[in-house]
Amino acid sequence: MKRRTLLAGLGATAAAGVLGMPSIVRAQAPVTLNGAVQFNDDHAFTKALTRFEELVKKYYGKPVNFTLHKNSSLGLEKQYFEYMSQGKAVDYGIVSPAHMSTFAKAAPFIDAPFVFKGIEHMNKVVEKNILAPVADEIATKAEVVLIGYAGGGIRNIFANKPLKNLADLKGLKVRVQGAPIWSKTFAAVGMSPTVIAYNEVYNAIQNGVISAGENEAAGVEAMKFYEVAPHLNLTQHAVSIRPICFSVKTLKTLPKDLQDAIMKAGKEAGDYGRQLESSEEVVKLDTLEKAGKLKRVPFEERDAMKKLADPVMATYAKEIGAEAIFEKINVA
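What you see is a predicted model; the values in this text were computed from it and never measured.

Visitor: Looking at this structure, how should I read the packing of aromatic side chains?
Guide: Two aromatic rings are characterised by how far apart their centres lie and by the angle between their planes. One pass over the full model with this rule turns up 13 aromatic pairs. With a centroid separation of 6.5 Å and 65° between ring planes, the pair formed by F52 and F246 is classed as edge-to-face. In this pair, F52 sits in helix 2 (residues 44-60) while F246 sits in strand 8 (residues 231-247), placing the two residues 194 residues apart along the sequence. With a relative accessible area of 0%, F52 lands in the buried category. For F246, a relative accessible area of 0% translates into the label buried. With a centroid separation of 5.7 Å and an interplanar angle of 50°, the aromatic rings of W182 and F186 are classed as tilted. Taken as a pair, W182 and F186 lie in helix 7 (residues 180-189) at a separation of 4 residues, close to a single helical turn. For W182, a relative accessible area of 0% gives the class buried. Residue class for F186 comes out buried when judged on its relative accessible area of 2%. Taken together through their ring pairs, the aromatic side chains of F39, F45, F158, Y198 and F225 make up a single cluster.

Visitor: Please explain the packing of helix 2 against helix 11 (residues 256-290) as it appears in this structure.
Guide: A packed helix pair is summarised by two numbers, namely the angle formed by the two axes and the spacing between the axes. Axis separation between helix 2 and helix 11 bottoms out at 7 Å; the angle between their running directions is 145°. By crossing handedness, the relation of helix 2 to helix 11 is classed as right-handed. For the contact of helix 2 with helix 11, the class distribution of residues is 15 nonpolar, 2 polar and 7 charged.

Visitor: Is there a simple way to think about the pattern of salt bridges in this case?
Guide: It is possible for side chains bearing opposite charge to pair when their charged atoms get close. For the coordinates displayed, the defined rule picks out 20 salt bridges. As a salt-bridge pair, K306 and D310 come within 3.1 Å of each other at their nearest N and O atoms. Remark: D310 and K306 occur in helix 12 (residues 302-319); sequence separation between them is 4 residues, near one turn of the helix. For K306, a relative accessible area of 28% corresponds to the partly exposed category.

Visitor: Mind showing me how you'd approach unusual backbone geometry here?
Guide: Most of the time, phi is negative for any residue but glycine, and the peptide bond is trans. The backbone of A89 sits at a positive phi, close to 70°, despite the residue not being glycine. By relative accessible area, A89 is classed as partly exposed at 48%.

Visitor: Please clarify how the layout of surface pockets should be interpreted in this entry.
Guide: The space that makes up the largest pocket amounts to roughly 380 Å³. Lining the largest pocket are 23 residues, and of these Q38, E77, H99, R175 and Y198 lie nearest its centre. Residue composition of the lining of the largest pocket, grouped by class: 9 nonpolar, 8 polar and 6 charged.

Visitor: Mind showing me how you'd approach the environment of S101 here?
Guide: Tracing the chain through its elements places S101 in the loop between strand 3 (92-94) and helix 4 (119-127). Overall, S101 belongs to the partly exposed group, its relative accessible area being 28%. Linking S101 and A159, residues 58 residues apart in sequence, is a C-alpha distance of 28 Å.

Visitor: Is there a simple way to explain the side chain of S85 in this structure?
Guide: Examined against the element boundaries, S85 turns out to sit in helix 3 (residues 77-86). Beyond its immediate chain neighbours, meaning those up to four positions away, S85 contacts F103, A142, E143, V144 and K249.

Visitor: Explain the pairing of strand 5 (residues 173-176) to me, please; I cannot follow it from the model alone.
Guide: Along any regular strand, the residues point their side chains to alternate faces of the sheet. Inspection of the sheet shows strand 5 paired to strand 6 (residues 192-195) by 4 bridges, in the parallel sense. Residue V176 lies in a different strand from strand 6, and its bridge partner there is V195. With helix 7 bridging strand 5 and its parallel neighbour strand 6, the resulting β-α-β unit is right-handed.

Definitions and limits used
- Residues numbered from 1 in each chain as written.
- Predicted model: local features only at pLDDT ≥ 70, side-chain atom pairs only at ≥ 80, totals over all residues.
- Heavy atoms only, no water.
- Phe/Tyr/Trp six-rings, centres within 6.5 Å; stacked < 30°, edge-to-face > 60°.
- Helix = DSSP H or I, 4+ residues; strand = E, 2+ residues; numbered from the N terminus.
- Buried < 20%, exposed > 50% of the residue type's maximum accessible area, 1.4 Å probe, protein only.
- Axes fitted to C-alpha atoms, helices over the stretch in contact; angles between N-to-C directions.
- Left-handed = near helix turned anticlockwise from the far one by under 90°.
- Nonpolar A, V, L, I, M, F, W, Y, C, P; charged D, E, K, R; others polar.
- Salt bridge = Lys/Arg side-chain N within 4 Å of Asp/Glu carboxyl O.
- 1 Å grid on protein atoms, 1.4 Å probe; cavity = no way out; pocket = protein on both sides within 12 Å on 5 of 7 lines; lining within 4 Å.
- Points joined across faces, edges and corners; volume = space filled by probe spheres on them.
- Contact = heavy atoms within 4.5 Å.
- Pairing = 2+ DSSP bridges.
- Right-handed = clockwise from strand over helix to strand, strands pointing away.

Dropping the structure here:
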């Protein structure tokens, strides 16, 4: 009879099925796990992953080494996810759900515009494990388990001009994430969305290819988008959710007690990451504005913007079979 490995936490159904097999205990030398993040030490994502490493060491209680590759030294999040799926180069990292759509159509939906009403609403959704079906599908098809949910930043549109209402947004050339739902919702609002790699946004605005992008405060600060787009227009159109991911192929090779420590640490690190980013946000924006680097511009028609996007979201949820999840999120 095979010994089952029971992994508590997010995506537990798939995790138990995919990972519930005998562990291959490695040699006596301490295990070394490799992580990746696009940002430096000051970013909330990096801090969340550092906390994850600390918690794993605490709960495992035995030697284990971590190497966290920062500042996009191993590429971008899309590549991290591919590496984790293949079981090479990257064992853990924080990845936007937009990069998981190949394996789970509903994945980008949990990070789409106007899904969450605010950070408190997102916390309720996470605590009630409403996202489990998406996590289960990703664990099964991509062989990447979502062990926690970081994020928590409010996303606004940064631009090279102030945008106060829907009329100002009409025809705006704005960079969006690669998931189709972003282009669809922004187009419905009247903008002209285009998909550009995250690390190319600064130059695209500087060279006039686009006029704007959208991001949370931590990203605006880290990428210095304010240098080319100093107007932060407070559309508050989304709350970022960023799963802490771990390679199933790697996890299967680890001792059971280390697997358990990773799952427990992942959930707690995700909770820490959401609290950290949401609490740092106003401070970051205050600091940038006081330094004269950006100007916050109140957006007068957020409710009207959401009203234009709502039918697109409902149709998309039906197309990808996410109606049940969407309904549970709305009533959470």
